[in-house]
Number of protein chains: 2
Amino acid sequence: MRDVALLEPKEIRALIRKQEITGPTAGLSKGYTQANLAILKKEHAFDFLLFCQRNTKQCPLLDVTEPGSFRPALIAKDADIRTDFPKYRIYRDGVFSEEVTDITNFWEDDMVAFLIGCSFTFERPLLESGIPIRHIEENCNVPMYKTNIPCVKAGIFEGPTVVSMRPMSSADAIRAVQITSRFPAVHGAPLHIGDPSQIGIYDLSTPDFGDAVTIKAGEVPVFWACGVTPQAVAMESKPSIMITHAPGCMFISDVKDKAYSVL
Amino acid sequence: MRDVALLEPKEIRALIRKQEITGPTAGLSKGYTQANLAILKKEHAFDFLLFCQRNTKQCPLLDVTEPGSFRPALIAKDADIRTDFPKYRIYRDGVFSEEVTDITNFWEDDMVAFLIGCSFTFERPLLESGIPIRHIEENCNVPMYKTNIPCVKAGIFEGPTVVSMRPMSSADAIRAVQITSRFPAVHGAPLHIGDPSQIGIYDLSTPDFGDAVTIKAGEVPVFWACGVTPQAVAMESKPSIMITHAPGCMFISDVKDKAYSVL
């Protein structure tokens with residue numbers, strides 16, 4: 001059996017398109033950037049684009065399609081965002097309606113797809129620098145929390161910043177600031193280090209999304225803006241239809257993680 | 001007489017609003033970020049925002065107003081973009097029609113203002129690191145050139161990248177890469193170093209915009225993406241009305257240059 005982790009993005013996307021892969025993409029096509037998805041109709045696209053522009057730490061856009069186009073021309077020009085995610089979720093008026101593996105039948109001529117960066121892109125250089133990542137060690141999803149840090153409003157879109165949390169030693173936290181600062185296009189430096197109550201988080205053991213992880217003695221929690229933010233905010237506005245990827249089932253682009261490093 | 005270079009941005013903007021300052025803003029309110037302006041009607045705003053999003057090196061957006069709002073809430077929340085630039089230019093169908101010091105009478109309820117970063121923001125840290133900047137030494141405008149590097153198209157907007165050029169020693173060029181890499185929000189690292197013909201520039205002594213500068217023996221030309229690009233591209237699309245600042249007459253924000261450094 002071939003090791004799918006070593007396939008090229010194009011090959012992985014072909015398997016996904018044929019529905020031979022319909023699950024989480026973590027670890028697939030290592031070194032290539034993965035993206036989250038939010039599809040909205042054109043009527044909301046300007047406001048949502050403005051929201052992302054005003055909240056770049058929470059909403060790092062890797063690509064935005066022309067209205068009606070399903071080609072993410074900047075990050076994978078031969079891909080089709082209607083078929084190349086393993087799994088999608090359809091929301092009507094902000095309410096989850098169904099999960100599907102292909103959205104060709106849901107696609108409309110005035111839809112705009114937003115491909116949003118994710119922390120996978122900076123976790124790899126953290127690991128390569130010898131910084132252990134707890135949720136990877138514990139084989140679970142990263143813990144995510146709603147904070148009291150408001151996003152900057154844009155049109156109908158507003159809401160709180162969601163953060164992801166990684167516990168680490170102080171020395172590793174300093175190094176992690178340096179490393180993730182190189183990736184302003186993918187969340188960049190942490191938003192907060194230390195006392196969670198300062199950003200409105202009162203119990204690290206009950207994350208709003210994802211799974212709780214162990215925090216060892218002497219470790220500090222380090223918080224990064226999380227790409228769940230724009231999806232959560234868009235959902236709050238109850239658009240007539242919105243399509244996202246299913247959790248963990250992301251898009252594998254042709255762009256290497258390293259290409260997003262500014263230094 | 002007070003030294004206007006040392007006034008706070010708010011005080012400078014008040015003088016500009018009263019039309020006591022109607023000329024270039026270079027050197028005013030040192031250390032605070034200045035911004036270029038492009039105002040378009042809502043019908044073109046999504047495409048233009050998408051264009052900026054796809055070409056962040058050429059089009060670093062510092063702020064985008066809500067449609068109809070003249071408050072640049074992110075970078076100077078009490079300012080009024082209709083009165084707080086020393087001088088504006090009105091273009092109708094892509095043709096220059098007039099220069100004015102106040103656009104209150106031209107403002108429409110569906111206008112969107114794009115405030116675009118400029119290289120002033122990274123020139124200061126270059127100077128502070130002891131890198132001489134020729135056009136400042138020679139007291140003229142930076143030379144700018146059209147290149148053969150196409151911008152990524154978005155809707156009706158497309159065109160070539162315009163670059164600014166600063167000649168310097170090789171050692172300074174290396175240091176300049178490091179310094180400007182810290183400012184991904186304001187053009188970031190250079191696009192090109194050395195042979196101009198590789199990017200379609202055949203005569204450095206005849207810039208397309210700005211003034212030619214001396215290149216000394218042993219110096220290399222270093223090229224950065226330039227904020228003139230989005231204005232030039234928007235103009236090409238001949239929108240019914242477009243308003244920009246007059247060259248050199250920019251907006252002084254409340255944000256310090258240093259705030260745009262990621263490291």
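Just so it is clear, the model here is predicted, and its values are computed rather than measured. (Residues numbered from 1 in each chain as written. Chains lettered and ligands numbered in written order. Predicted model: local features only at pLDDT ≥ 70, side-chain atom pairs only at ≥ 80, totals over all residues. Heavy atoms only, no water.)

A. A look at the overall build of chain A. Scanning chain A from terminus to terminus reveals six helices and 11 strands. A compact globule built from 263 residues should have a C-alpha radius of gyration of about 18 Å, and chain A, at 18 Å, falls within 12% of that. Along the first, second and third principal axes, the C-alpha atoms of chain A reach 55 × 45 × 35 Å. By residue count, 55% of the 263 residues in chain A fall in the buried class. (Helix = DSSP H or I, 4+ residues; strand = E, 2+ residues; numbered from the N terminus. Rg over C-alpha atoms; globule rule 2.2 N^0.38 Å. Buried < 20%, exposed > 50% of the residue type's maximum accessible area, 1.4 Å probe, protein only.)

B. Quick look at unusual backbone geometry. Residue and element names in this part refer to chain A. Here the phi dihedral of Gln-19 falls at roughly 60 degrees; this positive angle occurs in a residue that is not glycine. Topologically, Gln-19 is positioned in the loop between α1 (9-17) and β1 (32-41). Residue classification places Gln-19 among the partly exposed residues on the basis of a relative accessible area of 40%. Within the chain, His-187 stands out as a residue other than glycine whose phi angle is a positive 80 degrees.

C. Quick peek at the pattern of salt bridges. This structure, assessed with the given rule, holds 28 salt bridges over all chains. Between Arg-124 of chain A and Glu-128 of chain A there is a salt bridge whose closest N-O contact spans 3.6 Å. Here Arg-124 of chain A and its partner Glu-128 of chain A are both found in helix α3 (residues 120-128), four residues apart, which amounts to about one turn of the helix. Here Glu-128 of chain A falls in the exposed class, since its relative accessible area comes to 51%. A salt bridge links Arg-166 of chain B to Glu-123 of chain B; the nearest nitrogen and oxygen atoms lie 2.9 Å apart. Of the two residues, Arg-166 of chain B is situated in strand β7 (residues 160-168) and Glu-123 of chain B in helix α3 (residues 120-128); the sequence distance between them amounts to 43 residues. Among the residues examined, Glu-123 of chain B registers a relative accessible area of 5% and is labelled buried. One continuous salt-bridge network, built from bridges that share partners, spans Lys-10, Arg-13, Asp-78 and Asp-254 of chain A. (Salt bridge = Lys/Arg side-chain N within 4 Å of Asp/Glu carboxyl O.)

D. Representation of the packing of aromatic side chains. Residue and element names in this part refer to chain A. One pass over the structure, following the stated rule, counts 16 aromatic pairs over all chains. Relative to Phe-114, the ring of Phe-48 has its centre 4.8 Å away and its plane inclined at 85 degrees; by these criteria the two rings are edge-to-face. A residue pair is termed long-range when its members are at least 10 positions apart, and Phe-48 in helix α2 (residues 42-54) and Phe-114 in strand β5 (residues 111-117) qualify at 66 residues. Accessibility classification places Phe-48 together with Phe-114 in one group, the buried group. In this structure an aromatic cluster arises from ring pairing among Phe-48, Phe-51, Phe-114 and Phe-157. The ring centre of Phe-70 lies 3.4 Å from the NZ or CZ of Arg-82, which sits over that ring. (Phe/Tyr/Trp six-rings, centres within 6.5 Å; stacked < 30°, edge-to-face > 60°. Lys NZ or Arg CZ within 6 Å of the ring centre and 35° of its normal.)

E. Expanded view of the packing of α3 of chain A against helix α5 (residues 170-181) of chain A. Residue and element names in this part refer to chain A. Taken N-terminus to C-terminus, the directions of α3 and α5 make an angle of 130 degrees; their axes are 10 Å apart at the nearest point. As the angle between them shows, α3 and α5 are arranged oblique. Along this stretch, α3 crosses α5, giving a crossing that reads as right-handed. Of α5, the residues touching α3 (which contributes Phe-122, Pro-125 and Leu-126) are Ala-176, Ile-179 and Thr-180. When its residues are assigned to classes, the contact of α3 with α5 shows five nonpolar, one polar and no charged. (Axes fitted to C-alpha atoms, helices over the stretch in contact; angles between N-to-C directions. Parallel < 35°, antiparallel > 145°, perpendicular 65-115°, else oblique. Left-handed = near helix turned anticlockwise from the far one by under 90°. Contact = heavy atoms within 4.5 Å. Nonpolar A, V, L, I, M, F, W, Y, C, P; charged D, E, K, R; others polar.)

F. Looking closely at the domain arrangement of chain A. Residue and element names in this part refer to chain A. Its domain assignment divides chain A into domain 1 (4-118 + 238-257) and domain 2 (120-229). Taken over C-alpha atoms, the centre of domain 1 sits 22 Å from the centre of domain 2. On the side of domain 2, 23 residues touch domain 1, which itself brings 21 residues to the contact. Carbon and sulfur atoms supply 63% of the area buried between domain 1 and domain 2, which totals about 2000 Å² over both sides. Considering only the surface of domain 1 that becomes buried against domain 2, Lys-57, Gln-58 and Cys-118 emerge as the three largest contributors, covering 33% of it. Taken together, the links from domain 1 to domain 2 amount to zero salt bridges. At the junction of domain 1 with domain 2, the criterion picks out eight residue pairs in polar contact (both at pLDDT 80 or more). Among the elements of the structure, β1 and α2 are those that each provide at least two residues to the side of domain 1 that touches domain 2. The greatest single-element share of the side of domain 1 that touches domain 2, amounting to six residues, is contributed by α2. When its residues are assigned to classes, the side of domain 1 that touches domain 2 shows nine nonpolar, seven polar and five charged. (Domains from an automatic or database assignment. Buried area = accessible area lost by both parts, 1.4 Å probe. Polar contact = N/O pair within 3.5 Å; in protein donor to acceptor, adjacent residues only side chain to side chain.)

G. Main features of the nonpolar core. With 46 residues, the main nonpolar core has Phe-48, Leu-49 and Phe-114 of chain A together with Phe-48, Leu-49 and Phe-114 of chain B as its most contacted residues. Ignoring anything within four residues of it in the chain, the contact list for Phe-114 of chain B reads Asn-36, Leu-37, Ala-38, Ala-45, Phe-48, Leu-49, Leu-61, Asp-63 and Val-64 of chain B. (Core = buried A, V, L, I, M, F, W, Y, C linked by side-chain atoms within 4.5 Å.)

H. Fine view of the relation of the copies chain B and chain A. Least-squares fitting of chain B to chain A yields an RMSD of 0.0 Å, with the superposition described by an axial translation of 0.0 Å and a rotation of 180 degrees. The transformation relating the two chain copies, once decomposed into turn and shift, fits a two-fold axis. Relative to the rotation axis, the C-alpha of Phe-46 of chain B is the closest in chain B, positioned 2.5 Å from it. Of the interface residues in chain B, 100% have counterparts in chain A that sit at the interface too, so the contact is made through matching surfaces. (Least-squares fit on C-alpha atoms with pLDDT ≥ 70 in both.)

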